[in-house]
There are 2 protein chains.
Amino acid sequence: MQDPAHATGTILTIDLDAVAANYRLLSETAAGAECAGVVKADGYGLGAIPVVRALAAAGCRTFFVAHLGEALAIRDAAPEATIAVLNGAAPGAEAEFAEHRLLPVLNSLQAIAAWAAQGTEDGTRLPAILHIDTGMSRLGLSDTELDRVADDPALLDGIEIKWLMSHLAVAEEPAHPLNAEQHARFEAARARLPSAPTSLANSSGIFLGPDYRYDLVRPGAALYGVNPQPSAANAMKHVVRLEAPILQLRSIDSPRTVGYGATHRVTGVSKIATIPVGYADGYLRSLSGRGHAFLGGHKVPLVGRVSMDLITLDVTGVPDTVAHPGAMVELICERYTVDAIGADAGTMGYEILTSLGARYARRYVGGGA
Amino acid sequence: MQDPAHATGTILTIDLDAVAANYRLLSETAAGAECAGVVKADGYGLGAIPVVRALAAAGCRTFFVAHLGEALAIRDAAPEATIAVLNGAAPGAEAEFAEHRLLPVLNSLQAIAAWAAQGTEDGTRLPAILHIDTGMSRLGLSDTELDRVADDPALLDGIEIKWLMSHLAVAEEPAHPLNAEQHARFEAARARLPSAPTSLANSSGIFLGPDYRYDLVRPGAALYGVNPQPSAANAMKHVVRLEAPILQLRSIDSPRTVGYGATHRVTGVSKIATIPVGYADGYLRSLSGRGHAFLGGHKVPLVGRVSMDLITLDVTGVPDTVAHPGAMVELICERYTVDAIGADAGTMGYEILTSLGARYARRYVGGGA
């Protein structure tokens, strides 16, 4: 663990046992399907290497990242694992993929041709994942491109299709008609292509039922504590805890404004606590005047604007025995989850996770850490 | 420079000559005052070490950071410089401050006592900055604490007050009455304390006129291209450029939705370009459906939601000779500045800078780089 004094006392605790428990729960829910781990964006902000080690120890043997650089960063942490790169290979990077035994996700005809050519050069059929777009309109073969491959399967001759995949757009809303549409399009596509194992579900997709699970499920957010079923209680274990000390406690007895823009005015007798965490730490500025924290069991509101390195909390109602300089405040905890903070910030838990800053002293617990 | 292929082709270019030019302009504007460089939050997201080297080469000899860890990170890059830590020393960290010749900003009576004790232990008067709160209600001596020190200046006996400082809350609004109030409070405070050099102005404060400049000005954001005078044209040079390739180009000729939540529906014939940058890279999710980019001189709107690793742009009006896979799109540039993106995201340029992600291939130009 880094020295908390270097971060003015702020501590980000990441519970790797909770990550492993979430993996096991998702894996059991997915029943016969293999359960991969999505660890892009530095393991959703939690640190890709410790997360990969914990997931591998829990039985995970397939990992997904977005970029080649992210795959290379975790290769040593999971030397035997399958590592897939969702963005595929940038033109010219195919040899580096092959050298490090990485699976590109093939999103286009150009990518298919380039990967087949790499296989020819290497004298082998190289494995890959073939991505069919069924409703994200983002990555993956379009309808026209699918027609081309279906009409000429020889395009895939040099490639071992390890999985045929697609990606759901609204899986967290089970009643949304697009889920069934995407499922139907995926079924139609795979009927037209050479037989291969299949993968469709992200975290929320696992809970849409057995029809959506296929051979491989690909949870990300739920591993890190985000609720994959927003309309139900969260079955995932809480993973992240952020604590920071009261850096300064200020009693105000005459009218004063707090923070930039003078947006918050204190009128009565008040106590304001300043905490060394700000938007440069991923405590989003949109939480200004909207977030809260917990101090010794007391819920305390954030007042004024979030600064780059500091926030201010109104701790007026908290006794001085609890609210004093050095007392630790909980900013992310089981009572104020990443989902709840995301909602207060006008976004969602995913962005709270991936924004977690680099300045905190990070403490990993569990997972053999 | 990192290999752009590892970042699926995304390139963040940081112009250190522009940082140096901004430093010189601010320094000239501040006339007789020394001009420090605020490099907290990893040099506002641009990389503290290259920024410190460029500023030092431009003549800067005093740097401000927020945390001890940030000061230690730049010590070797500016071995002779004065480095001040705005949050001060966490209790017990005073010896480490002294060992590395760091200046704590003393925000409270406890901090004053602890630093004086460190000086006694080291047998010397250690330098520090004394911070008086004049209207931020965040850090610095409160009115009551100021009274205590003014009544008993011996509290400061063991300390060399290198600067007496305060911090402005609304400097970017010259007509706001709080500026004059803070100035008056600062004047009143310094009249009651032992004589020492003084510092009040941040980037925008420099432009409030000579009365606000005192002995040391402390610009941060303006060094990195943020406009310190939002009501006027920006005199600062543009520092940051973010480019990313079209990863996939999709022609859509039947009604389809784009992205998560199916929030954007394409009705006519359209071309959608997918770009490998998302909110995990600090391209804030609040830009969903609101941001834009430039492709070969064409302004192209962001459509649908910002994903973790991807965004989608509507490039329907752009000729195929310009809009093709691999073509580079400008996401941050002189025509779409961090200030403009911040406004579109419902925040400000500062947060765009400090959120700049770790996955981009970073290229430093100028500054002897």
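Residues numbered from 1 in each chain as written. Chains lettered and ligands numbered in written order. Predicted model: local features only at pLDDT ≥ 70, side-chain atom pairs only at ≥ 80, totals over all residues.

Enquirer: Would you mind showing me how to read the overall build of chain A here?
Expert: Secondary structure assignment for chain A yields ten helices and 20 strands. When the backbone C-alpha atoms are referred to their principal axes, chain A occupies close to 80 × 40 × 35 Å. Sequence-distant contacts in chain A: of pairs separated by 6 or more residues, those separated by 24 or more amount to 65%. (Helix = DSSP H or I, 4+ residues; strand = E, 2+ residues; numbered from the N terminus. Contact = placed C-beta atoms within 7 Å.)

Enquirer: I would appreciate a short explanation of the domain arrangement of chain A in the present structure.
Expert: Interface size is commonly expressed as the accessible surface area that is lost when the partners come together. Residue and element names in this part refer to chain A. Taken domain by domain, chain A comprises domain 1 (31–224) and domain 2 (240–365). Contact with domain 1, which involves eight residues of that partner, is made by nine residues of domain 2. Here the side of domain 1 that touches domain 2 is built from residues that sort into six nonpolar, two polar and no charged. (Domains from an automatic or database assignment. Nonpolar A, V, L, I, M, F, W, Y, C, P; charged D, E, K, R; others polar.)

Enquirer: What is the right way to read the relation of the copies chain A and chain B from this model?
Expert: Copy one and copy two of the chain differ by a rotation about an axis and a translation along that axis. Once chain A is rotated about the relating axis by 180 degrees and shifted along it by 0.0 Å, it coincides with chain B to within an RMSD of 0.0 Å. Each copy turns onto its partner about a two-fold axis. Nearest to the rotation axis, the C-alpha of Ser355 of chain A is located 3.8 Å from it, this being the minimum over chain A. In this assembly, 100% of the residues forming the interface of chain A have copies in chain B that are likewise at the interface, indicating an isologous arrangement. (Least-squares fit on C-alpha atoms with pLDDT ≥ 70 in both.)

Enquirer: Could you clarify how one ought to interpret the interface of chain A and chain B in this entry?
Expert: Listed per partner, the contact involves 60 residues of chain A and 60 residues of chain B. Here the side of chain A that touches chain B is composed, by residue class, of 27 nonpolar, 25 polar and eight charged.

Enquirer: Which parts of the structure should I look at to understand helix 3 (residues 48–57) of chain A?
Expert: Since the α-helix turns once every 3.6 residues, residues separated by three or four places project in the same direction. Residues and elements named next belong to chain A. Within helix 3, seven of the ten residues are buried, which leaves it mostly tucked inside the rest of the structure. Where helix 3 is concerned, the buried positions are Ala48, Pro50, Val51, Val52, Ala54, Leu55 and Ala56. The inward-facing, buried residues of helix 3 contact helix 1 (16–29), strand 3 (37–38), helix 2 (40–44), strand 4 (62–65), helix 4 (68–75) and strand 20 (361–365). Of the residues trailing helix 3, Gly59 is marked for its positive phi of about 110 degrees. (Buried ≥ 20, exposed ≤ 12 C-beta atoms within 10 Å, placed from the backbone.)

Enquirer: Before we go on, may I ask you to explain unusual backbone geometry in this structure?
Expert: Trans is the common state for peptide bonds, and a negative phi is the common state for residues other than glycine. Even without being glycine, Ala31 of chain A reaches a positive phi, approximately 50 degrees. Along the chain, Ala31 of chain A turns up in the loop between helix 1 and strand 2 (34–35). The phi torsion at Ala262 of chain B lies on the positive side, around 50 degrees, for a residue other than glycine. Mapped onto the elements, Ala262 of chain B comes out in the loop between strand 13 (256–258) and strand 14 (264–266). Here Ala262 of chain B falls in the buried class, since 21 other C-beta atoms lie within 10 Å of it.

Enquirer: What should I look at first to understand the nonpolar core in this one?
Expert: Within soluble globular proteins, side chains that are nonpolar generally end up buried alongside one another. By size, the foremost hydrophobic cluster in this structure holds 271 residues, and its most contacted members are Val19 of chain A together with Val19 of chain B. Dropping the residues within four chain positions of it, Val19 of chain A is found in contact with Val51, Ala54, Leu55, Leu223, Tyr224, Val239 and Gly367 of chain A. (Core = buried A, V, L, I, M, F, W, Y, C linked by C-beta atoms within 7 Å.)

Enquirer: Even after reading the chapter, I still don't get the pairing of strand 4 of chain A, so can you show me in this structure?
Expert: Regular strands place side chains that alternate from one sheet face to the opposite one. Residues and elements named next belong to chain A. Side-chain alternation along strand 4 places Thr62 and Phe64 on one buried face and Phe63 and Val65 on a second face that is also buried. With two bridges connecting them, strand 3 and strand 4 associate as parallel partners. Within strand 4, the residue paired with Gly37 across the bridge is Phe63. Each parallel crossover has a hand, and the one from strand 4 via helix 4 to strand 5 (residues 82–85) is right-handed. (Pairing = 2+ DSSP bridges. Right-handed = clockwise from strand over helix to strand, strands pointing away.)

Enquirer: Even after reading the chapter, I still don't get the packing of helix 3 (residues 48–57) of chain B against helix 4 (residues 68–75) of chain B, so can you show me in this structure?
Expert: Two quantities define a packed helix pair, namely the angle between the axes and the distance from one axis to the other. Residues and elements named next belong to chain B. The contact between helix 3 and helix 4 brings their axes to 9 Å, and the two run at 60 degrees. One element, helix 3, and the other, helix 4, form an angle in the oblique class. The crossing of helix 3 and helix 4 is right-handed. Along the contact surface, helix 3 presents Ala48, Ile49 and Val52, while helix 4 presents Glu70, Ala73 and Ile74. (Axes fitted to C-alpha atoms, helices over the stretch in contact; angles between N-to-C directions. Parallel < 35°, antiparallel > 145°, perpendicular 65-115°, else oblique. Left-handed = near helix turned anticlockwise from the far one by under 90°.)

Enquirer: Just to check I follow, could you spell out the packing of helix 1 (residues 16–29) of chain B against helix 3 of chain B for this structure?
Expert: Residue and element names in this part refer to chain B. For the pair helix 1 and helix 3, the least separation of the axes is 9 Å and the interaxial angle reads 45 degrees. When the interaxial angle is binned, helix 1 and helix 3 end up oblique. With respect to the hand of their crossing, helix 1 and helix 3 are arranged in right-handed fashion. From helix 1, Leu16, Val19, Ala20 and Tyr23 reach across to helix 3, where they touch Pro50, Val51, Ala54, Leu55 and Ala57.

Enquirer: Which parts of the structure should I look at to understand helix 6 (residues 109–122) of chain B?
Expert: Residue and element names in this part refer to chain B. With 14 residues, helix 6 extends 20 Å from end C-alpha to end C-alpha; this agrees with the ideal 20 Å at 1.5 Å per step. All of the buried residues in helix 6 are Ala111, Ile112, Ala114, Trp115, Ala116 and Gln118. In this fold, the buried residues of helix 6 make contact with helix 5 (94–99), strand 6 (102–106), strand 7 (126–131) and strand 8 (159–165). With its phi angle positive at about 70 degrees, Gly123 sits one or two positions after the end of helix 6. (Expected span 1.5 Å × (residues − 1).)

Enquirer: Before we go on, may I ask you to explain the pairing of strand 7 (residues 126–131) of chain A in this structure?
Expert: All names here are of chain A. In terms of residue burial, strand 7 counts as a mostly covered element, since five of its six residues are buried. In the sheet, strand 6 (residues 102–106) pairs with strand 7 via two bridges, with the strands oriented parallel. Bridge pairing in strand 7 places Val105 opposite Ile129. Handedness of the β-α-β unit built from strand 6, helix 6 (residues 109–122) and strand 7 comes out right-handed. Where strand 7 and strand 8 (residues 159–165) come together, six bridges link them in parallel fashion.

Enquirer: What is the right way to look at the environment of Gly205 of chain A in this model?
Expert: Residue and element names in this part refer to chain A. Take Gly205: it is sitting in the loop between strand 9 (198–199) and strand 10 (216–217). Judged by local crowding, Gly205 falls into the buried class, with 27 C-beta atoms found within 10 Å. Remark: the alpha-carbon pair of Gly205 and Leu302, spanning 97 residues in sequence, is separated by 35 Å. When residues no more than four places from it in sequence are discounted, the contact partners of Gly205 are Leu168, Ala171, Leu200 and Tyr212.

Enquirer: I'm lost on the confidence of the model for chain A in this one. Help?
Expert: Predicted coordinates in regions of low pLDDT should not be interpreted in detail. Per-residue confidence for chain A averages 96 on the pLDDT scale, and 99% of its residues sit at or above 70. For this predicted complex, the interface confidence reaches an ipTM of 0.97, while the overall pTM sits at 0.96. (pLDDT = per-residue confidence, 0-100.)

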